[in-house]
Each structure stands twice: as structure tokens, then as C-alpha cells.
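# Coordinate inspection notes
Listed below are the residues making up each chain.
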Amino acid sequence: MNKTVVVTGGGTGGHLKVADAFIEEFHHRGIDVIFIGSTNGQDRAWFEHDTRLKEAIFLDTRGVVNKSGFAKILSLGNIFTKTLYCLGLYFKYDIKTVISVGGFSAAAATFASILKMGCKLYIHEQNSRMGKLNQITTKFAAEVFSSFDKKSLVKDYPVEKEFFLTARVRDKVKTVAFFGGSQGAICINDFALKVAPRLNEMGIKIIHQTGKNDFERVSFEYNKLNIKADVFDFSRKIPQKMTKADFAVSRAGASTLWELCANQLPTFFIPYKHAAADHQYYNAKALLDRGLCFLKREEELNEEYFFEAINSDIHKISIELISSINSNAISLIVDIILKDNK
Ligand SMILES: CC(=O)N[C@H]1[C@@H](OP(=O)(O)OP(=O)(O)OC[C@H]2O[C@@H](n3ccc(=O)[nH]c3=O)[C@H](O)[C@@H]2O)O[C@H](CO)[C@@H](O)[C@@H]1O
């Protein structure tokens, strides 16, 4: 096969984490990777200076789904010109393999892969409900991988090894961690501040990822409550944070959800209610149906349910989480792609 592949997609951490797993695996196997993302969202922060990449290209693209009228026409026109740019790039490097992890960042590079003869498109869908771009492009894909789709050739989610290496079976809740997803969640921040005094009285420590925008307010509130918590806005060391915790409260973004499973950390999920097609709720519901998590919608949130959860049999859940995910997903997916492109 051609020694250069394209990985595209991003916008938020959930997509970018999967893009990162692909980049790492191809790089490890001596295959060059070009990343195509957007100047909007978090793509630049993740990959602009990544030395594993042959090239990192950031196009000025934005989401189309929530736009209407003239703004939508402008966005579509913009995607069209960026698609032509990507097509030129694919001819220049003779690209035959494009992997999309979804999100608006992936649109132009994905459409170009469909237009170029002999180029194969592979899609990784992270969520239980398919994103808009993937719904449109999936029929052109050589293969679609998803942890929530029974037909997927690989059902395990590509989770960084570190989460498995730092996994442990939990017995008793001595530390609770709050995770708001890559951007933080005000709802989870407020909930944490509500339950913090009682956790503190019970001698339970707190780890809390707030997101950039709410960090100062949340830190100030903990100071006011005179509680010493490990509060941070964003950290590249989430596995180290997770392993210290015995219980988590978290949004149900797909990457975070499977990392929590890999780490065997029992979790109370509070899904983001505006996620497309309510996918965060259904991500967590799939685990709930197997008795592997706790789940409440924002409007049903109550403190009693949370305290019941941390006092329940978390040992059983923690042990059973071992069988929820295997650690070799990315290597199996890349094996399939490479075999298909021989
Ligand atoms: C609001 C929204 O639409 N969110 C979507 C977005 O979530 P979001 O971008 O929040 O994605 P996830 O929760 O899936 O993943 C976040 C990633 O960022 C990492 N991380 C997070 C915090 C931190 O301080 N450091 C850090 O490295 C996590 O370890 C994880 O790998 O993409 C996910 C995957 O498509 C979707 O399931 C989510 O519904």
C-alpha cells in the first residue's frame, strides 16, 4: 500500500482522542500520516506541533448542521472549496487511504476521499447514535467501525493503553472524581459543589476537572467551602487522575466513557442533554443495561441517588468492567485497514 494515509476529524476531545490513537498506531508501524482538521475547535491544540505527523493541515471549516439560510449556503460553499483542496492534496501524495473519526473537521477530507477514484474511506463512529456527516458518508465507506454496532468488525473502542495499565479493582469509595468531558460541564461542576460538603464530612477526597471556562469560579467555591480538592481545568494526565479515584461522576462522551471502563472505575453518568440525537444518554444506557454504571438525566439529578450509588456494591461493578472492553482495538482496526489495502 501507499506509505501515506490521511486521518481526518476532530472539533472536540472525543474525536481527537480517536484520531490520536490512529496516528500513534500508523506511526508505530512506519506509515506516514497526514492529519486534516479545522482551524476551529481544539484540533490545532492537539496536533499542530505533533512530530509524529508528516503534515498537519488545518482548514477554515465550521459545522453546517445547526445553521440555516444564507449561513448554511456559505458553509456548504466553503466545504466545497476545501474538498477541492483536499482532492489536490490526495493527488499530490497519491493518497489511497483516508480514515475519518467524524465531526465537522472531517467533512472536506471525507468528501474528497469519495471523489478520488481508488481511494478508500474508513470511518470510526464513536457514539451510539451516528453523527450527521457519518450518516451521509457511511454508504461510501469500505468499513465502518463502532463500539455500539453489532455489525462492526471490531467492537472495542480505541482507548489509550495507559488507562488499562493504571486500572484497579475498587472496593470502598475514598476518592470521587468529577469529569466534564473535554470542555468541562457546568452542570457537573454545580453538582460537585453541592455534594462536596457531605463528601468532605465523610472523609472522601475530591478530584475535579472543571473545563477552562469555569475553573476560577469552581476553585473559588471550594476555597469558600474550605475544602482542599484537586481542581484543574484540563489535564493531559487523565489516567493518573482516574486511577486515584474509586468512583466517578462524568459526562457520557464516548472516549471518556470507555476510558472509565478500561480503568474499571464505577461511574455515575450525567449525559449532555443537547448532544446530537441524545447520543450521550444512549452511550451510557448501553452500559446501564448491563448493570455496569449509574445514569441520570440532568433534570432527574438528585443527591440521594448519588450517595446511594457510592454506598452500593461498587466492587462488583469494578470487577465486571474488566470484560466490557479489550485493549487491542486500534491494532485490530489498523490490521483490517492494511490488509484491505495490500
Ligand atoms: C458536547 C459534545 O457533543 N460532546 C461530544 C464530544 O465530547 P468530548 O469532546 O467531551 O469527548 P469525550 O468525553 O468522548 O472525550 C474527551 C477526551 O478528552 C480527554 N480529556 C478530557 C479532559 C481533560 O482534562 N483531559 C483530557 O485529556 C479525555 O480523557 C477523553 O479522551 O465527543 C464525543 C465523542 O464523539 C461525544 O461522545 C460527545 O458527546
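All values derive from a computational prediction rather than experimental measurement.

Turning our eyes to something else, we now look at the overall build of the protein chain. Looking only at helices and strands, the protein chain features 14 helices and 12 strands. For a compact globule of 342 residues, the expected C-alpha radius of gyration is about 20 Å, and the protein chain comes in at 21 Å, within 12% of that figure. Seen through its C-alpha atoms, the protein chain measures out along the principal axes to roughly 65 × 45 × 35 Å. Every one of the 342 residues in the protein chain was classed for burial, and the buried ones make up 54%. Looking at the protein chain alone, contacts between residues at least 24 apart form 66% of all its contacts between residues at least 6 apart.

The immediate surroundings of the ligand are formed by 23 residues, with Asn127, Ser235, Thr256, Glu259 and His279 found nearest. Within the contact set of the ligand, an oxygen atom lies 3.3 Å away from a side-chain nitrogen or oxygen of Lys17. Contact with the protein chains hides 90% of the accessible area of the ligand, taken as 760 Å² for the molecule alone. Elements with a minimum of two residues in the shell around the ligand: α1 (13-28), α10 (254-262) and α11 (279-288). Taken together, the residues of the shell around the ligand sort by class into five nonpolar, 16 polar and two charged. Split by domain, the shell around the ligand shows at least three residues from each of two domains, domain 1 (4-159 + 327-340) and domain 2 (162-324).

What follows concerns the environment of Thr267. Mapped onto the secondary structure, Thr267 falls in strand β11 (residues 267-269). Sequence separation of Thr267 and Leu295 is 28 residues, and the distance between their C-alpha atoms is 8.3 Å. A polar side-chain atom of Thr267 sits 2.9 Å from the main-chain carbonyl oxygen of Leu265.

What follows concerns unusual backbone geometry. Excluding glycine, a negative phi dihedral is what most residues carry, and trans is how most peptide bonds are arranged. Unusually for a residue other than glycine, Asp94 sits at a positive phi of about 50°. Relative accessible area serves as the criterion here: at 34%, Asp94 is assigned to the partly exposed category. The backbone phi angle of Gln264 is positive, close to 60°, even though this residue is not glycine. Tracing the chain through its elements places Gln264 in the loop between α10 and β11.

Moving on, we come to the pairing of strand β1 (residues 4-8). Burial analysis of β1 places five of its five residues in the buried class, the great majority of the element. Of the two faces of β1, the one lined by Thr4, Val6 and Thr8 and the one lined by Val5 and Val7 are each fully buried. Direction of pairing for β1 relative to strand β2 (residues 32-38): parallel, over a ladder of five bridges. Across the sheet, the residue bridging to Val7 is Phe35, located in β2. Once you follow β1 into α1 and on to β2, the crossover reads as right-handed.

Let's shift gears to the domain arrangement of the protein chain. If you check the domain split of the protein chain, you get domain 1 (4-159 + 327-340) and domain 2 (162-324). A separation of 29 Å is found between the C-alpha centroids of domain 1 and domain 2. With 18 residues of domain 1 at the interface, the matching set in domain 2 holds 17 residues. Both faces combined, the contact of domain 1 with domain 2 buries some 1500 Å², and carbon together with sulfur accounts for 61% of it. In terms of surface lost to domain 2, no three residues of domain 1 exceed Arg129, Phe148 and Val159, which account for 36% of the buried area on that side. Along the contact surface separating domain 1 from domain 2 lie one salt bridge.

Now for the packing of helix α7 (residues 186-201) against helix α12 (residues 303-310). Relative placement of two packed helices is described by the angle separating their axes and the distance separating the axes. Contact geometry for α7 and α12: axes closest at 11 Å, N-to-C directions at 55°. By the angle class used here, α7 and α12 are oblique. Judged by the sense of rotation from one axis to the other, the crossing of α7 with α12 is right-handed. Counting all contacts with α7, which are made through Phe191, Lys194, Val195, Arg198 and Leu199, the residues of α12 involved are Glu303, Glu304, Phe306, Phe307 and Ile310. When its residues are assigned to classes, the contact of α7 with α12 shows six nonpolar, no polar and four charged.

What follows concerns the packing of helix α3 (residues 69-93) against helix α4 (residues 107-115). The interhelical angle for the contact between α3 and α4, taken along N-to-C directions, is 55°, at an axis separation of 8 Å. The angle between the axes of α3 and α4 places the two elements in the oblique class. As for how α3 packs across α4, the hand of that crossing is right-handed. Between α3 and α4, the contacting residues are Ile79, Lys82, Thr83, Cys86, Leu87 and Tyr90 on the first element and Ala107, Ala108, Ala109, Phe111, Ala112, Ser113 and Leu115 on the second. The residue makeup of the contact of α3 with α4, split by class, is 10 nonpolar, two polar and one charged.

What counts and what doesn't
- Residues numbered from 1 in each chain as written.
- Predicted model: local features only at pLDDT ≥ 70, side-chain atom pairs only at ≥ 80, totals over all residues.
- Heavy atoms only, no water.
- Helix = DSSP H or I, 4+ residues; strand = E, 2+ residues; numbered from the N terminus.
- Rg over C-alpha atoms; globule rule 2.2 N^0.38 Å.
- Buried < 20%, exposed > 50% of the residue type's maximum accessible area, 1.4 Å probe, protein only.
- Contact = heavy atoms within 4.5 Å.
- Near = heavy atom within 4 Å.
- Polar contact = N/O pair within 3.5 Å; in protein donor to acceptor, adjacent residues only side chain to side chain.
- Areas by Shrake-Rupley, 256 points an atom, 1.4 Å probe, with all protein chains shown as cover.
- Nonpolar A, V, L, I, M, F, W, Y, C, P; charged D, E, K, R; others polar.
- Domains from an automatic or database assignment.
- Pairing = 2+ DSSP bridges.
- Right-handed = clockwise from strand over helix to strand, strands pointing away.
- Buried area = accessible area lost by both parts, 1.4 Å probe.
- Salt bridge = Lys/Arg side-chain N within 4 Å of Asp/Glu carboxyl O.
- Axes fitted to C-alpha atoms, helices over the stretch in contact; angles between N-to-C directions.
- Parallel < 35°, antiparallel > 145°, perpendicular 65-115°, else oblique.
- Left-handed = near helix turned anticlockwise from the far one by under 90°.

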